[in-house]
Amino acid sequence: MLGKMPGDRWQKFANLRAYYGFMWGHPGKKLLFMGGEFAQGREWNHDQSLDWHLLDDPMHEGMRRLVRDLNAMYRAEPGLHQRDCEPEGFAWIEGGDADNNVFSFIRYGNDGAKPVVVVANMAPVLRETYRIGVPWAGTWSERLNTDRAEYGGSGAANGPLSASDEGMHGQPHSLSLTLPPLGTVFLTPD
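Report on the accompanying structure. (Residues numbered from 1 in each chain as written. Predicted model: local features only at pLDDT ≥ 70, side-chain atom pairs only at ≥ 80, totals over all residues. Heavy atoms only, no water.)

### Looking at the pairing of strand β2 (residues 102-107)
The buried count for β2 comes to five of six residues, which makes it a mostly enclosed element. Relative to β2, strand β1 (residues 90-97) runs antiparallel, the two being bridged by five bridges. Note that in β2 the partner of Phe90 across the bridge is Arg107. Hairpin connection between β1 and β2: a loop of four residues separates the two successive antiparallel strands, and Asn101 in this loop has a positive phi of roughly 60°. (Buried < 20%, exposed > 50% of the residue type's maximum accessible area, 1.4 Å probe, protein only. Helix = DSSP H or I, 4+ residues; strand = E, 2+ residues; numbered from the N terminus. Pairing = 2+ DSSP bridges.)

### So, the sheet that holds strand β5 (residues 138-145)
Taken in spatial order, the six strands of this open sheet run β1-β2-β3-β8-β5-β6, and their pairing is antiparallel. Here the strands that pair on one side only, and so sit at the sheet edges, are β1 and β6 (161-163). Strand-to-strand, the axes of this sheet are offset by a mean angle of 25°, without reference to chain direction. Two elements, β2 and strand β3 (residues 116-121), share six bridges in a ladder whose sense is antiparallel. (Axes fitted to C-alpha atoms, helices over the stretch in contact; angles between N-to-C directions.)

### Description of the pattern of salt bridges
By the definition in use, this model includes eight salt bridges. Among the ionic contacts, a cluster of salt bridges with common partners joins Lys29, Asp84 and Arg107. (Salt bridge = Lys/Arg side-chain N within 4 Å of Asp/Glu carboxyl O.)

### Things to note about helix α2 (residues 58-76)
For α2, spanning 19 residues, the distance from its first C-alpha to its last is 26 Å, which sits close to the expected 27 Å at 1.5 Å a residue. Residues Met59, His60, Glu61, Gly62, Met63, Leu66, Val67, Asp69, Leu70, Met73 and Tyr74 constitute the buried set of α2. The opening residue of α2 is Asp57, an N-cap whose side-chain oxygen sits 2.8 Å from the backbone nitrogen of Met59. (Expected span 1.5 Å × (residues − 1). Polar contact = N/O pair within 3.5 Å; in protein donor to acceptor, adjacent residues only side chain to side chain.)

### Regarding the environment of Ser162
With respect to the helices and strands, the residue Ser162 is situated in strand β6. The residues contacting Ser162, other than those within four sequence positions of it, are Gly138, Thr139, Ser174 and Leu175. (Contact = heavy atoms within 4.5 Å.)

### Focus: unusual backbone geometry
Here His169, not a glycine, exhibits a phi torsion of approximately 55°, which is positive. Within the secondary structure, His169 is located in the loop between β6 and β7 (173-179). Notably, Leu182 is not glycine yet its phi reads approximately 45°, a positive angle. Topologically, Leu182 is positioned in the loop between β7 and β8 (183-189).

Structure representation (structure tokens):
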């Protein structure tokens, strides 16, 4: 997958991290081919070993850490898996912001489970004060950000976020976010 991404080396890794974040957040089963979990550059070949030596490179090791953390979050957040095959488990916040290359949606679990908001910035541009609608009032926290420095990213992040009563995107509240370049963030209410 790494070789299929556009841009220079940093952009290739950032694109892949953002895409994996989008994929883990979106409904449906997750599929990686052997070596995809650490961004092996070549296609998997059953006659050869995986290129485990690539984990000595911080960018490949960062990808491995990201996949580990995505898997852990997927298990820990019922909104990401409980209603995976039900239409009520997914709602677009904004699926048509082509000018900014941003997708945002909500994942819902069973009654009582906190929703998970996923926002993917597929442009190599930092977006500050990007506002999205959310279903719950109060404080929201960034659960995972594919642009963390430990994954090889730039480290742009959100601290605790307070939802305003200003409705947006058909939701009763909204958040003002910092969206990392080529990054996906996962948010949950506290």
